Amino acid sequence: MSTIVSPRPKPAEQQPATPVAPTEAPGEVPPVFAPNDSAAVACLQAFLAEKDWTSGAGAFATLLNQQMQCHRVSLGWVSGQTLRLRVLSDGVLLEEGVALPELHQAMLEAAHQQKMLSWPLLQGADPTSAITMAHQTLSRVQGLSGLVTVPLAQDGVIMGTLTLERTTQVDSLRPISFGQQQAAKVFSNEDLAWLTRLAELMAPALSLRYRLEQPWYERGRGWVESLRLRLADPRERPLRWSVLAFFGIMSFGIGLPLPYQVTATARLEGAVQRVMSAPQDGYLREAHVHAGDVVKAGQVLAEMSDDELQSSLRARAAEAAQHENAFAEAFARGDRAQAVMAQSKLNEARAQMSLIEQQIARLKIVSPFDGVVIAGDLRQQLGAPVKRGDNLLTLAPGLDWRVVLDIDESDIASLSKGQMARLRLAAMPDQTIGLMLNRVTPVARSTPNGVRYEIEALPTGAGAGAKGLRPGLQGVARIDMPPRPLLWRAADRAWQWLSMQAWTFL
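Just so you know, these numbers come straight off a predicted model, no measurement behind them. (Residues numbered from 1 in each chain as written. Predicted model: local features only at pLDDT ≥ 70, side-chain atom pairs only at ≥ 80, totals over all residues. Heavy atoms only, no water.)

### Considering the overall build of the chain
Going by this rule: Helix numbering and strand numbering both begin at the N terminus, where a helix is a DSSP run of H or I of at least 4 residues and a strand a DSSP run of E of at least 2. Note on classification: 1.4 Å probe, protein chains only; a residue is buried when its accessible area is under 20% of the maximum for its type, exposed when over 50%, partly exposed between these limits. Contact between two residues is taken to exist if any of their heavy atoms lie within 4.5 Å; hydrogens are not considered. The Shrake-Rupley method, run with a 1.4 Å probe sphere, supplies the accessible areas, and residue values consider only the shown protein chains as cover.
Helices and strands together make up the secondary structure of the chain, namely eleven helices and 19 strands. Expressed as a percentage of the 506 residues in the chain, the buried residues total 35%. Expressed as a percentage of contacts within the chain between residues at least 6 apart in sequence, the contacts between residues at least 24 apart total 70%. In the structure as shown, the chain presents an accessible area of about 29,700 Å², 56% of it carried by carbon and sulfur atoms.

The following block contains the structure:
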């Protein structure tokens, strides 16, 4: 075993010019290690040079053993809030959980008291300042001349312990007294001070590398154990209240069913809509109403030009008069054949006149019921030609409404006929209108906000007959859903989204 030794100076006459190794006179105290900062850096370099934490810790313990001229250096480390003996010097590696009982107890003794413990006590030390029973037992069992355990701590948390043991080796050719042996092997104040600085240097490096090399489940377990210890600390009152609030919110979100609603945009429409179209080709002459007007049954809404039909009617009337005169003349002559022919033509002319009169009557567009004009402004089209079947006006009953809700595609599966809803229109924000879902249509349409499904609802209950309702009014509806816990709803939405993403990309 190589040993880094810093010998004490001898008188000038006894020192060789270039010593290979210090010589010792019979009865002289063997040289001891003079700790310095370069030796501490060498320990850190030895630890970092290895490929993993265990090998690095073994190299560090071996080098420290050589520097301090110890019999053995042991490293214990806290894993899962349990201190385990992990590494012995000189390349002796222990499996996790294996420990020498007395050595393990000495490590625990220093870790629990969170202070450096040594045995035998230095001169002038207070024997009541710390408990060293485990150290005394280990020293007696192993026959040690010096024993010290240094806690390795970071931010006030004990991460591990470092135990150094020294024994007195008796050389029969160079006998020394027992007192000289003890003086050589007992840890001095300088040794303890240097070991304290070494622990401050090595503890962060050991802790960081150990955490980085741990698997994720070990890190999680360590975090949980650390949290448990902090919660047990009376000084961590804010953390206790935070954790209590967190679990209270989680319990509230998981266990307490809360009513919730599905929100949708809504628009008011007439339950029945009648389209008033052009009865025939022609020109628009007059428009008596426009969109938004309330109309009565039988009221004339618009009129088309009847000039051509009036001309045709007059022509047919003149033709009918001619046939009537021809019939009278033939009847007077007694020409029965001419009389029958004239009468037939007279009847044909009168039928054509009746048809033209009906066409003239249809040129006046009349409201079939009491209602509201919801579409069509013909005042801008007066005199314009229209074709037969062109839509001119749209009417809706004045007191019979329906509400069309635009539902997002993610909510359509949870809705069914008969569910209740509430509506507030932008024109009447202080009035709530009760709704009942009447029809869930399977037809989708694309909008700038995504795919939307239309649901028909009927006003029922409060607000169904409110004054001022007009087709085309828009608002926001809330559909009442069965109570569910808040976090269950969020988890359900997240699961749906994840399932869709997995189906899309996998």
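### Brief notes about the layout of surface pockets
Where we set the bar: Using protein atoms alone on a 1 Å grid, points that fit a 1.4 Å probe yet trap it form a cavity, whereas open point sets bounded by protein on both sides within 12 Å along at least five of seven lines form a pocket; residues with an atom within 4 Å of a point count as lining. Grid points are joined across faces, edges and corners, and a volume is the space filled by probe spheres set on the points.
Approximately 1,100 Å³ is the volume found for the largest pocket. Of all the secondary-structure elements, those providing two or more residues to the lining of the largest pocket are β1 (72-79), β2 (82-88), α3 (101-113), β5 (157-166), α6 (189-213) and α7 (216-232). Ranked by residue count, the leading element in the lining of the largest pocket is α7, at nine residues.

### Considerations on the environment of Ala-264
Structurally, the position occupied by Ala-264 is in strand β6 (residues 257-270). Residue Ala-264 is classed as buried on the basis of its relative accessible area, which comes to 4%. In sequence terms Ala-264 and Asp-406 are 142 residues apart; their C-alpha atoms lie 5.6 Å from each other. Excluding its chain neighbours within four sequence positions, the residues that come into contact with Ala-264 are Leu-405, Asp-406, Ile-407, Gly-475, Val-476 and Ala-477.

### Quick notes on the pairing of strand β17 (residues 428-447)
This is how it is decided: Pairing between strands is defined by DSSP: at least two bridges between them are needed.
Sheet analysis places strand β16 (residues 420-425) next to β17, joined by six bridges and oriented antiparallel. If you follow Arg-422 over to β17, its bridge partner there is Gly-434. Taking the residues between adjacent antiparallel strands as the criterion, β16 and β17 are bridged by two residues. Bridge count for β17 against strand β18 (residues 450-459) is nine bridges, and the pairing is antiparallel. Bridged to Arg-439 within β18 is Glu-456. The turn joining β17 and β18, which pair antiparallel and follow one another in sequence, is formed by two residues.

### With respect to the sheet that holds strand β7 (residues 274-277)
Here we have four strands laid out as an open sheet, ordered β7-β14-β12-β9, and antiparallel in their pairing. In this open sheet, the two strands that pair with only one neighbour each are β7 and β9 (294-295). Taken together, the four bridges between strand β12 (residues 371-375) and strand β14 (residues 391-397) define a ladder with antiparallel strand orientation. Its bridge partner lying in β14, Val-373 is registered against Leu-395.

### A look at the packing of aromatic side chains
Applicable threshold: Stacked, edge-to-face and tilted are the three classes for Phe, Tyr and Trp ring pairs, Trp counted by its six-membered ring, which pair at centre distances within 6.5 Å; planes under 30 degrees apart are stacked, over 60 edge-to-face, the rest tilted. For a ring to carry a charge above it, either NZ of a lysine or CZ of an arginine must fall within 6 Å of the ring centroid while also lying within 35 degrees of the normal to the ring plane.
Scanning all chains against the criterion turns up six aromatic pairs. Both rings, one in Phe-246 and one in Phe-247, keep their centres 5.5 Å apart while their planes meet at 75°; by these two values the pair is edge-to-face. We classify Phe-246 as partly exposed; its relative accessible area is 47%. Measuring from ring centre to ring centre gives 6.2 Å for Phe-327 and Phe-331, while their planes differ by 25°; the resulting arrangement is stacked. With a gap of four residues between them, Phe-327 and Phe-331 both fall in helix α9 (residues 307-333), about one helical turn apart. The class of Phe-327 is partly exposed, set by a relative accessible area of 25%. Every member of this aromatic cluster is reached through a ring pair, and the members are Trp-53, Trp-77 and Tyr-210. Directly above the ring of Phe-187 sits Arg-166, whose terminal nitrogen or CZ lies 4.2 Å from the centroid. For Arg-209, the ring lying beneath its charged end belongs to Phe-47, and the centroid distance is 5.3 Å.

### Topic: unusual backbone geometry
Along the chain, Trp-119 connects to Pro-120 via a cis peptide bond; the corresponding omega equals 0°. The residue Gln-69 is not glycine, and still its phi comes out positive at about 55°. Here Gln-69 lies in the loop between α2 (53-67) and β1. Unlike most non-glycine residues, Asp-155 shows phi in positive territory, near 55°. Overall, Asp-155 belongs to the exposed group, its relative accessible area being 78%.

### A few points about the sheet that holds strand β4 (residues 146-154)
Rules: Geometry is summarised by axes, namely lines fitted to C-alpha atoms with helices restricted to the contacting stretch, and by angles between N-to-C directions that run from 0 to 180 degrees.
A sheet is described by the order of its strands in space; here five strands give the open sequence β2-β1-β5-β4-β3, paired in antiparallel fashion. Edge strands, defined here as strands with exactly one partner in the open sheet, are β2 and β3 (117-119). Here the strands of the sheet are splayed against their neighbours by 20° on average, with no regard to which way each runs. Taken together, the nine bridges between β4 and β5 define a ladder with antiparallel strand orientation. Each bridged residue has a counterpart across the sheet, and for Leu-152 the counterpart in β5 is Gly-160. Strands β1, β2 and β5 of the sheet are contacted by α2, whose axis makes an angle of about 145° with β1.

### Brief notes about the pattern of salt bridges
Formally: The term salt bridge refers to a side-chain nitrogen of Lys or Arg lying within 4 Å of a carboxyl oxygen of Asp or Glu.
Evaluation of the coordinates by the stated rule reveals 13 salt bridges. Linking Asp-233 and Arg-235 is a salt bridge whose minimum nitrogen-to-oxygen distance equals 2.9 Å. Residue Asp-233 is classed as buried on the basis of its relative accessible area, which comes to 17%. Of the residues examined, Arg-235 reaches a relative accessible area of 71% and is grouped as exposed. Because the salt bridges share partners, they merge into one network encompassing Arg-267, Asp-406 and Glu-454.

### Topic: the nonpolar core
The line we're drawing: Only buried residues count toward a nonpolar core, which is a set of Ala, Val, Leu, Ile, Met, Phe, Trp, Tyr and Cys residues joined through side-chain atoms within 4.5 Å.
Within the largest apolar cluster, 36 residues are counted, with the highest numbers of intra-cluster contacts made by Trp-53, Phe-60, Leu-64, Leu-164, Trp-194, Leu-195 and Leu-198. Looking at this core, the elements with two or more residues in it are α1 (37-48), α2, β1, β4, β5 and α6. Look past the residues within four positions of Phe-60 in its chain and what remains in contact with it is Cys-43, Phe-47, Leu-162, Leu-198 and Met-202. Counting 26 residues, the second largest nonpolar core, distinct from the first, contains Val-262, Leu-405, Leu-415 and Ile-479.

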